[in-house]
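Survey of secondary and tertiary structure
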Amino acid sequence: MRHIGPAVSPGSSTQERRSARPAPGSGGTITRHGPLRSARTNLRRALLACAATAALTAGSLGAAHADTGGDRHLTYQGRTFTVPGSWDVIDLGTRPDTCVRFDRHAVYLGTPDSQQDCPAMVLGRTEALLLQPVARTRANERAARVTTNRTDHTYEATAPGLAVTASYGGDRQRVEKILSSAGLPVASATPAATVRAGAPTAKAALPDDATSFQGKGFDRCAAPSTTQMNAWKGASPYGAVGVYIGGVNAGCGVTVDAAWMQAQYTSGWKYFPVYVGPQASSDAGSCGGTCDVIDDPAADGAASARDAVRQATSLGLPAGSVLYYNMEHYAPRYGTLVRGFLESWTRTVHDLGYRSGAYGSLSSIGADLVRAAQSGQLVPDVLDFAKWDDRATTDDPAIPAELWADHQRIKQYAGDVRETHGGVSLDIDANQLDVGAGGTQPPVQKDTALAYTGARSVAKGTAAALSAKLTEQDGGAAIADREIAFTLGAGSTAQSCTATTGAEGTATCTVPSVDQPLTERATVPVAAAFAGDTAYKPSQTQAELKLQYTTARAYGLAAKVPLPLLPLTIAPTPDTGEIRTAGATTTAPPCTASVTALVLSADAVCATTVTRTGPTTATATANLADARIGIAGLPVIAVSGLEATATSTCAARTGSTTLTLTVAGAPVTVPSTPNHTIDLGVAKLVTNQQTSTADGIEVTALHLTGPTGIDVTLGSARSAVHNCPA
């Protein structure tokens, strides 16, 4: 891999096809691959497909047959997988040198050989399966399990006697369907373990200098076997090996484990670990239109870094190791995208305790990172550039001497060559390393902007979700994995919580139960703060939230009857008064046993208001046992069992009235509908009178109005909830 395609660098003119020649100082041979290489690859693929078909026909791989829909049913280790009939099915037992590749549709059956015949370059990721037999143990005799890595586009499944690795490109559903067809519980797949800044890492098996080396190194798609590595250790000029630790575009997948890494280190090898994640474009470098691409530079860079650190930790690479991002050659128009991605990659790698490296063409990534470094942007700690000019040196006129000057460079000086050392031939890319144990490139603190994005209305006694978005002030890129501190209220009543920004830059925390005082303006201040770190400057923001509150009032009766000689006025009685609160209250003045006046009498008159929180609710109730209105010139009005209720929440306002009514001694049927009017000639009687207010409702059970200003109210209830969410 680490193959940058035809437009590698200004030095690409030196990539002539040459005949075999001795490797300098090694006694080996080096062969440049020409156009015949692709023909040989196609021929081998055809032979492998034929061998797989013959093996299936002979039954060596279990029962298999195609259905009318073009699918193939393949039974392996007791499970039947339904795969597209167009996919190659390859028996690794009969073709042990097959390169297991996840950049083409295929099903591989068996255990990959330690000496796979892989090219130096395989890029891209598509739908493919590797089915391996495993020894039955107490652990894997349990129910089948599936894990998923959305960053790496893989599923890993285990079942009695079976291990499955499934990759996907743009058709994840197809792979899920294949796994489900074999009874593997893909629907309940658990995410692969993630790593976060500050989290403890697994005990490293390798020393701190595992990625420090000065001298020549090589890399290839699939790692050589220990036997091959031993043969090259004494006979080749190389002392470091590039190993692929993951990424959605790693065509050969991960072909090493912690034991292999330990064995090679013990033999004297050092490493440059390479992660091949999303690329600038689907046709970047040697992708050929199949590579997964960067969608969101900040989010994808951080996600790739977290996955790379997880993979590195599992392989025993300690904190402080350099992890290299493989970015294929890209067109100049993608420069801003790549710089933003690698900045996010570098920052997250640093946060997780590792050093950052980046590989790519000198003419694309090299030029872009030089400009980024000169402008003060955060850049990778080690620059690994490709320029195939056969000059094994890390110096280049295009890279200023003061940049990446402290043992912080690798140069890939030759690519896609076949070398033979110690009787072992491998397809490789050749590199010159000058990587020390030095520190990281010092980051330049960037200005940040913090904007409050959470709830605009809060209610006492209920939870409040506080949110803020952290971005770079210049350009607005989201900043992930940073802690934001929130404060609701001020002084002795302040409530606080903290949260970490996600990939989109937003942090959200919850105050479990708001407990803030009701002010005259019914508002509560909220503040959010980012303390800053080595990469970003601090920032703060403030907002004013509305505090939900209720108002309510109820009274039993009131009257104004301007009689010629003796006018009658009865103030609201009993009266709760105007209630304004953000909390839970009950107001119930003593009931009035009786009211006796010249034209009005009533018994057992009461009024109550009740407010609640969670959700905010206000209810006002007025009632009386019976009442009589006798005004000269009007029929006598009598009521009993009268009650008016007004209830308000943020969701609804409702009112109701109950009463029994007689007019001039005759019973009157009162409908439940509001605002029922009874014509008394010179006066008007309204039952269940309801009036909407701005934030609530007012209900009057019975309202009499007449000439000369007669106004009698029996049972008045009013409630409202203010500052509800929009």
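Residues numbered from 1 in each chain as written. Predicted model: local features only at pLDDT ≥ 70, side-chain atom pairs only at ≥ 80, totals over all residues. Heavy atoms only, no water.

Here we take up the side chain of Thr448. The topology assignment puts Thr448 in strand S21 (residues 448-452). Among the polar contacts listed, one links the side chain of Thr448 to the backbone oxygen of Lys537, at a separation of 2.8 Å. Among the polar contacts made by the side chain of Thr448, one reaches the side chain of Ser539 at a distance of 2.8 Å. Leave out the neighbours within four places in its chain, and Thr448 touches Leu470, Thr471, Gln473, Ile479, Phe530, Tyr536, Lys537, Pro538 and Ser539. (Helix = DSSP H or I, 4+ residues; strand = E, 2+ residues; numbered from the N terminus. Polar contact = N/O pair within 3.5 Å; in protein donor to acceptor, adjacent residues only side chain to side chain. Contact = heavy atoms within 4.5 Å.)

Okay, helix H4 (residues 258-266) next. The complete set of buried residues in H4 reads Trp260, Met261, Gln264 and Tyr265. Buried positions in H4, seen along its axis, are confined to an arc of 130° and lie on one side of it. Across from the buried face of H4, at angles greater than 90 degrees, the exposed residues are Ala259 and Thr266. For H4, the elements touching its buried residues are helix H3 (226-235), strand S14 (238-246) and strand S15 (270-275). (Buried < 20%, exposed > 50% of the residue type's maximum accessible area, 1.4 Å probe, protein only. Arc of directions from axis to C-beta.)

Aromatic rings in a pair are described by how distant their centres are and how their planes are angled relative to each other. Under the defined criterion, the tally for this structure stands at ten aromatic pairs. Here Tyr325 and Trp345 contribute two aromatic rings whose centre-to-centre distance is 5.0 Å and whose plane-to-plane angle is 70°, an arrangement assigned as edge-to-face. Of this pair, Tyr325 sits in strand S16 (residues 322-326) while Trp345 sits in helix H6 (residues 335-351); the two residues are 20 residues apart in sequence, bridging distant segments of the chain. On the basis of relative accessibility, which here comes to 0%, the residue Tyr325 falls in the buried class. On the basis of relative accessibility, which here comes to 0%, the residue Trp345 falls in the buried class. Taken together, Phe218, Trp232, Tyr238 and Trp269 form an aromatic cluster joined through their ring pairs. Residue placement shows Lys233 over the ring face of Trp269; its charged tip is 5.5 Å from the ring centre. A cation over a ring is seen here: Arg580 above Tyr549, with NZ or CZ 4.7 Å from the ring centre. (Phe/Tyr/Trp six-rings, centres within 6.5 Å; stacked < 30°, edge-to-face > 60°. Lys NZ or Arg CZ within 6 Å of the ring centre and 35° of its normal.)

Packing of helix H5 (residues 297-314) against H6 leaves a shortest axis separation of 7 Å and a crossing angle of 40°. The orientation of H5 with respect to H6, classified from their angle, is oblique. Where H5 crosses over H6, the two elements pack in a sense that is right-handed. Across the interface between the two elements, Pro297, Ala298, Asp300, Gly301, Ala302, Ser304, Ala305, Arg306 and Ala308 from H5 touch Leu337, Gly340, Phe341, Ser344, Trp345, Thr348 and Val349 from H6. Residue composition of the contact of H5 with H6, grouped by class: nine nonpolar, five polar and two charged. (Axes fitted to C-alpha atoms, helices over the stretch in contact; angles between N-to-C directions. Parallel < 35°, antiparallel > 145°, perpendicular 65-115°, else oblique. Left-handed = near helix turned anticlockwise from the far one by under 90°. Nonpolar A, V, L, I, M, F, W, Y, C, P; charged D, E, K, R; others polar.)

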